[in-house]
Amino acid sequence: MAESSFPLPPEPYACPLCMDELRDPVTIPCGDTCCLDCIKVYWDQFDHIGVYGCPQCRATFTPRPVLRRNVPNVAQELRQTRVPELMPFPHLHREVQCDFCVGRRKKAVKSCLVCLAYYCETHVKPHYESATFKRHKLVDETGHLDRKICPQHEKGLELFCRSDQMCICVLCTVREHRGHNIISAEEERIEKQKVLVVTQSEVQHIIQERTKELQELRHNVDVLKSAALRAQTDSDKTFHEMLQAVERWRDEIKQLIQANMQAAMSHAEGYLERLEQEILELQRRDAELRQILETEDNIHFLQNFPTLCVRPEPMVPKVLINPQFSFGEISKTASDMKEHVDDICKKELSKISKTVSETPVYILLPRNGDKRLKVPSRVDFKEPKTRADFLKYSCKMSFDPNTAYKELVLSNGNQKVIRKKTSQFYSDHPDRFDGFSQVLCLEALAGSRFYWEAEWTGEFSIGVAYKSISRKGKNSHSLLGYNDKSWSLLCSDSGYSVWHNQTDQDLPDASRAARIGVYLDYAGNAVAFYSVTESMELIHRFKAQFSEPLYAGFGVGSSVSLVQLKQNALPY
């Protein structure tokens, strides 16, 4: 049996199979460490042979070794010491070492599909120089030599089955793929390479567009900052002028009070002076009357009597303060002016605050290639009510084969998934769910609004999840809706229930439907589920603070089909 080689982990405490942080680490007899679930799945495929190998050093064991748990704090130590690195598609780039170096091994540069081994620059030379190896196939080292071997027949994968869209070996054509449309891997690569060349051209074009958008957005952000600073400066200037105007109004009120007070005092002083003179004149008359009344000369009394008996005429009218005049009116006027200013400011501030809050700073448009897209109005940002409103946000979805559980079969252009009782041939992938019958969609959803629908049979769950949701193991960390990285609706014959972060809630009153609609308002931090029949009925709405792009997710009991939506389409 050819012995397959596996790469060394890129850093301490990384599993050599999934190349990720160790989860439930176990030590095998040779001393190497792997994830418990990873080594179980890896050894399961060798049960029919009875010989089990280490994926790290390639040591073999018979019978199947008993797994022993590693030091319990390894994973915790890794979290504290690991420094995350940015590497695109890390599962496609694994650095491995030469299988034939003695002592310190060099980096492998080639792998042989016949020898099933890795070679450095020195040890690969015989393949070029010796006629013995002239039929051997050398390829650039990518660190995935184990994936180039048929797990059933231990032969190199040289052919491609177009019927099942998978790589196979020569022996596969005899039984598993007998009668299928089979061609060489090289011929299929030529055809698919044409597609990738077109895809690469499209990606490069998109890069140019996104770069231009990035520059424009940065410029617009700078313009936005400048506009904000200018608005701040203008408002500061306006309020400064308002303060100066208020100061002027205060001075005018002060001058008005002073002028009225001075006029009142001037008039009062005239009245006081005249009253004082009248009092003095009356006092002089009183003295004369006292003197004539006390005289003993009757002739003198009678001669002066006609003059003194005349009642004195008033010199000054009686002066009263007019009750209608009050300086308090001026104070009241000043208070009214303040109230008017406050009312105006509150009214205008409320008006502009509402306008600003209802007018989005950024307009997010789906990249669906529709050239007829227009800038949304304020009405477009209201909550959708009818199905036609929801269909405005419809987006095309497709299942991601790299995430599909081993018993799921994708068809109809990755638009339908069916659960089989037997395991399918899927390559190992870090994104694949290995504990639950689940699958995610390819499309990342963030920033805008999205709507999609799915039809189902058998028990199933539908929801959204972060890309960081766990894919390995049969636990709450990888079950859709049962952790803080996902939200889901479970549909069964008994009714509906909603799940999030290990909390479930039954919804017995919701009407069941064979089609479920999902509405995601990412910016509004909400995801809602609807039963779709002739009308749409809300089943449940989650409110959350989304922190990562979301992906549509499904738990498949029997089958799930994505519905291709068009605006103004009928439900059925």
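Now for a look at the structure at hand. Remember, predicted model here, so these are calculated numbers, not experimental data.

Analysis parameters
Residues numbered from 1 in each chain as written. Predicted model: local features only at pLDDT ≥ 70, side-chain atom pairs only at ≥ 80, totals over all residues. Heavy atoms only, no water. Helix = DSSP H or I, 4+ residues; strand = E, 2+ residues; numbered from the N terminus. Buried < 20%, exposed > 50% of the residue type's maximum accessible area, 1.4 Å probe, protein only. Contact = heavy atoms within 4.5 Å. Areas by Shrake-Rupley, 256 points an atom, 1.4 Å probe, with all protein chains shown as cover. Expected span 1.5 Å × (residues − 1). Patch = residues over 30% accessible without salt bridge, like charges linked within 9 Å, V, L, I, M, F, W, Y side chains within 5 Å. Salt bridge = Lys/Arg side-chain N within 4 Å of Asp/Glu carboxyl O. Core = buried A, V, L, I, M, F, W, Y, C linked by side-chain atoms within 4.5 Å. Axes fitted to C-alpha atoms, helices over the stretch in contact; angles between N-to-C directions. Parallel < 35°, antiparallel > 145°, perpendicular 65-115°, else oblique. Left-handed = near helix turned anticlockwise from the far one by under 90°. Pairing = 2+ DSSP bridges.

### Some thoughts on the overall build of the chain
Summing up its helical and strand segments, the chain has 7 helices and 24 strands in all. For the chain, the residues scored as buried account for 32% of the 572 residues in total. For the chain, the proportion of contacts with a sequence separation of at least 24, taken over those separated by at least 6, is 56%. Entry remark: accessible area of the chain is about 37,200 Å², with carbon and sulfur atoms responsible for 55%.

### Describing the side chain of S488
The topology assignment puts S488 in strand β17 (residues 486-492). Beyond its immediate sequence surroundings of up to four residues, S488 is in contact with I462, G463, L480, G481, S497, V498, W499, F529 and F542.

### What to know about the environment of Y128
Along the polypeptide, Y128 turns up in helix α3 (residues 125-129). By relative accessible area, which is 54% here, Y128 ends up exposed. Sequence separation of Y128 and L138 is 10 residues, and the distance between their C-alpha atoms is 9.5 Å. Those residues in contact with Y128 that sit more than four places away from it in its chain are K110 and L138.

### Topic: helix α4 (residues 185-294)
A rise of 1.5 Å per residue sets the reference length of α4, with its 110 residues, at 164 Å; its end C-alpha atoms lie 154 Å apart and thus fit the reference within 8%. Every buried residue belonging to α4 is among E188, A245, E278, R285 and I292, and all of these are buried. In this fold, the buried residues of α4 make contact with β9 (159-161), β11 (182-184) and α5 (298-308).

### Focus on a nonpolar patch on the surface
Residues F239, M242, V246, W249, M337 and V341 make up a contiguous nonpolar surface patch of about 500 Å² in total accessible area. Of all the secondary structure elements, the ones that give two or more residues to the nonpolar patch are α4 and α6 (328-358). Positionally, M337 belongs in helix α6.

### Regarding the environment of Y405
For Y405, the location among the structural elements is in the loop between α7 (387-391) and β12 (408-411). Each C-alpha atom of the pair Y405 and D434 lies 5.8 Å from the other, and the pair is 29 residues apart in sequence. Not counting the four nearest positions on each side in its chain, Y405 is found in contact with R419, Y426, F433, D434, G435, F436, S437 and Q438.

### Observations concerning the nonpolar core
In terms of nonpolar packing, the biggest core is built from 41 residues, with W452, I462 and F554 touching the most fellow members. The next biggest cluster of nonpolar side chains, apart from the first, holds 17 residues, and it includes C18, L22, V26 and I28.

### Brief notes about the packing of α4 against α5
At a minimum axis separation of 10 Å, α4 and α5 run at an interaxial angle of 155°. Of the possible angle classes, the one that applies to α4 and α5 is roughly antiparallel. For α4 against α5, the interelement crossing comes out left-handed. Between α4 and α5, the residues in contact are R285, E288, L289, I292 and L293 and H300, F301, N304, T307 and L308, respectively.

### Quick notes on the pattern of salt bridges
A full pass over the atoms with the stated rule returns 18 salt bridges. The residue R210 makes a salt bridge to E209 at a minimum N-O spacing of 3.8 Å. On the basis of relative accessibility, which here comes to 31%, the residue R210 falls in the partly exposed class. The shortest N-O distance in the salt bridge between R515 and E453 comes to 3.1 Å. Highlighted residues: R515 in strand β20 (residues 515-521) and E453 in strand β15 (residues 449-457), separated in sequence by 62 residues. Residue R515 is classed as buried on the basis of its relative accessible area, which comes to 6%. Judged by relative accessible area, E453 falls into the buried class, the value being 1%. Among the ionic contacts, a cluster of salt bridges with common partners joins R387, E453, E455 and R515.

### Comments concerning the sheet that holds strand β6 (residues 110-112)
As summarised here, the arrangement of the 3 strands in space is β7-β6-β8, forming an open sheet in which the pairing is antiparallel. Each having just a single partner strand, β7 (117-119) and β8 (138-140) make up the two edges of the open sheet. Put simply, the sheet's adjacent strands are angled 35° from each other on average, direction ignored. The pairing of β6 with β8 spans 3 bridges and is classified as antiparallel. Looking across to β8, one finds that S111 is bridged to V139.

### A closer look at the sheet that holds β17
On the basis of which strands lie adjacent, the open sheet formed by 6 strands has the order β14-β23-β16-β17-β18-β19 and antiparallel pairing. Strands at the two margins of the open sheet, each flanked by one partner only, are β14 (438-440) and β19 (503-507). The average angle at which neighbouring strand axes cross in this sheet is 20°, direction not considered. Here 7 bridges tie strand β16 (residues 460-466) to strand β23 (residues 550-556), and the two strands are oriented antiparallel to one another. Within β23, the position partnered with V464 by the bridge is A552.

### Points about the pairing of β17
In terms of residue burial, β17 counts as a mostly covered element, since 7 of its 7 residues are buried. Where β16 meets β17, 6 bridges bridge the pair, whose relative direction is antiparallel. Looking at β17, one finds that V464 is bridged to W487. Between the antiparallel neighbours β17 and strand β18 (residues 495-500) lie 2 residues.

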